[in-house]
Amino acid sequence: MKNFLIVANWKMQLSYKQTLMYTQEITNALEQEAHAATIVICPSFESLTEVKNIIKGSCLDLGAQDCSTHQKGPYTGQVQAQSLADIGCSYCIIGHHEARQQGQTDYQIARKAHNLLTVGITPILCLGESQKSPDFLGEITKQLDHFLSLSAVSLQHLAIAYEPAWSIGTGLLPSPEHIEQVFGHISNLFVGAGSSFKLAFLYGGSVDSNSIKVLRSIPHLSGLLIGSATLDSQKFKNIVRSCITNYL
Ligand code: PGA
């Protein structure tokens, strides 16, 4: 099974030059491992084209961290989904908690997903409760409302990354049972809406090579969205190795 998905979200942690140097380092470090899983690196917009050149011929894939809600037009500073496709992005993160905190709405996130699907990019739709609450499933249901009204072209791929806000960058992880409950709930929502997406369920929030041993017991987990631990090549390599040992 090659399609266990490991997505590295580099956020705005590296400058343009640092991104290119680190991409080269990681491409060399993961040369062997990358053949056994799908590894997607998501640098910031300005480095996408050059990162694509560096990873050409390797088994790494390219993803973006966001895109515009609009397809084109007078929207200063925004990036078209079509441009991401032209550059060679196969994936794009949308609805990340940090972007939601800047005011992005569920409706806007659904429009981004639509734009990405139109140009053949797989959205990585992030969702999750904003704080610990007994009604975490209610909040997740609400986050998916607009999305579920999108008419999917039959069997389009969609990655859903469950990232509870309280777990991002904190070292705190939900239990495997909690994560599986969320995956089951989302699955039911898609079935209930008659949706024909091919879903991949990812978990994100404080993942490192140690947490993978715990996460492996989650039956429907098919990938990970990882931030800080992918910014150190040795840690990144350990994570990939650990995934290969535990999942493949
Ligand atoms: P983290 O970030 O792995 O540093 O917790 C995850 C994310 O924000 O996607």
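Up top is the structure.
Calculation rules
- Residues numbered from 1 in each chain as written.
- Predicted model: local features only at pLDDT ≥ 70, side-chain atom pairs only at ≥ 80, totals over all residues.
- Heavy atoms only, no water.
- Helix = DSSP H or I, 4+ residues; strand = E, 2+ residues; numbered from the N terminus.
- Rg over C-alpha atoms; globule rule 2.2 N^0.38 Å.
- Buried < 20%, exposed > 50% of the residue type's maximum accessible area, 1.4 Å probe, protein only.
- Contact = heavy atoms within 4.5 Å.
- Areas by Shrake-Rupley, 256 points an atom, 1.4 Å probe, with all protein chains shown as cover.
- Expected span 1.5 Å × (residues − 1).
- Pairing = 2+ DSSP bridges.
- Salt bridge = Lys/Arg side-chain N within 4 Å of Asp/Glu carboxyl O.
- Phe/Tyr/Trp six-rings, centres within 6.5 Å; stacked < 30°, edge-to-face > 60°.
- Core = buried A, V, L, I, M, F, W, Y, C linked by side-chain atoms within 4.5 Å.
- Near = heavy atom within 4 Å.
- Polar contact = N/O pair within 3.5 Å; in protein donor to acceptor, adjacent residues only side chain to side chain.
- Nonpolar A, V, L, I, M, F, W, Y, C, P; charged D, E, K, R; others polar.
- Axes fitted to C-alpha atoms, helices over the stretch in contact; angles between N-to-C directions.
- Parallel < 35°, antiparallel > 145°, perpendicular 65-115°, else oblique.
- Left-handed = near helix turned anticlockwise from the far one by under 90°.

### Quick notes on the overall build of the chain
Along the chain, the regular secondary structure elements total 9 helices and 8 strands. What you see for the chain is a C-alpha radius of gyration of 17 Å, in line with the 18 Å of a compact globule of 248 residues. Dimensions of the chain along its principal axes, counting C-alpha atoms only, are 45 × 45 × 30 Å. Split into buried and exposed, the 248 residues of the chain put 52% on the buried side. The long-range share in the chain, meaning contacts at least 24 apart out of those at least 6 apart in sequence, stands at 73%. Within the structure as shown, the chain displays about 11,400 Å² of accessible surface, and the carbon and sulfur contribution to it stands at 50%.

### Quick word on helix α7 (residues 176-192)
A rise of 1.5 Å per residue sets the reference length of α7, with its 17 residues, at 24 Å; its end C-alpha atoms lie 24 Å apart and thus fit the reference within 8%. Regarding α7, the residues found buried are P176, H178, I179, E180, V182, F183, I186, L189 and F190. On its buried face, α7 sits against β5 (122-127), α6 (136-148), β6 (157-162), β7 (198-204), α8 (209-215) and β8 (221-226). Backbone geometry just downstream of α7 places G194 in the positive-phi region, at approximately 70 degrees.

### Structural notes on the environment of L20
As for its placement among the helices and strands, L20 is situated in helix α1 (residues 16-29). The exposure class assigned to L20 is buried, which follows from its relative accessible area of 18%.

### Digging into the pairing of strand β1 (residues 5-9)
For β1, the buried fraction is high: 5 of the 5 residues fall into the buried class. By the alternation rule, side chains of β1 split into L5, V7 and N9 and I6 and A8, which are all buried. In this sheet, strand β2 (residues 38-42) lies alongside β1 in parallel orientation, the contact comprising 5 bridges. Within the sheet, the bridge partner assigned to V7 lies in β2 and is V40.

### Comments concerning the pattern of salt bridges
Pairs can form between side chains of opposite charge whenever their charged atoms are close. Enumeration according to the criterion identifies 3 salt bridges in this entry. D66 is paired through a salt bridge with K112; the nearest N and O atoms lie 2.9 Å apart. Of this pair, D66 sits in the loop between β3 (60-64) and α3 (81-87) while K112 sits in helix α5 (residues 106-118), and the two are 46 residues apart along the sequence. Between D106 and R100 there is a salt bridge whose closest N-O contact spans 2.7 Å. Since its relative accessible area comes to 15%, D106 is described here as buried.

### Observations regarding the packing of aromatic side chains
This structure, assessed with the given rule, holds 6 aromatic pairs. On the numbers, 5.1 Å between centres and 55 degrees between planes, the contact of W10 with Y22 is tilted. Of this pair, W10 sits in the loop between β1 and α1 while Y22 sits in helix α1, placing them 12 residues apart in sequence. Summarising the burial analysis for this pair, W10 and Y22 share the class buried.

### Description of the nonpolar core
Counting residues in each nonpolar core, the largest one holds 63 residues, and the members touching the most others are L224 and F236. For L224, the residues in contact, after removing those within four places along its chain, are F4, L5, I6, V7, L202, Y203, V207, I212, L215 and C243. Listed in part, the 12 residues of the second largest apolar core include I124, C126, A159 and A161.

### Here we look at the site of the ligand
Taken together, N9, K11, H96, E163, I168, G169, G205, S206, L225, I226, G227 and S228 are the residues near the ligand. Contact distances for the ligand include 2.7 Å between an oxygen atom and a side-chain N or O atom of H96. Its free accessible area being 290 Å², the ligand has 97% of it covered by the protein chains. The residue makeup of the shell around the ligand, split by class, is 3 nonpolar, 7 polar and 2 charged.

### What about the packing of α5 against α6?
Running from N to C, α5 and α6 cross one another at 45 degrees; their axes reach a closest spacing of 8 Å. Comparing their axes, α6 and α5 come out oblique. When you trace α5 past α6, the crossing you get is right-handed. Of the residues in α6, those touching α5 at D106, Y107, A110 and A113 are K142, Q143, H146 and F147.

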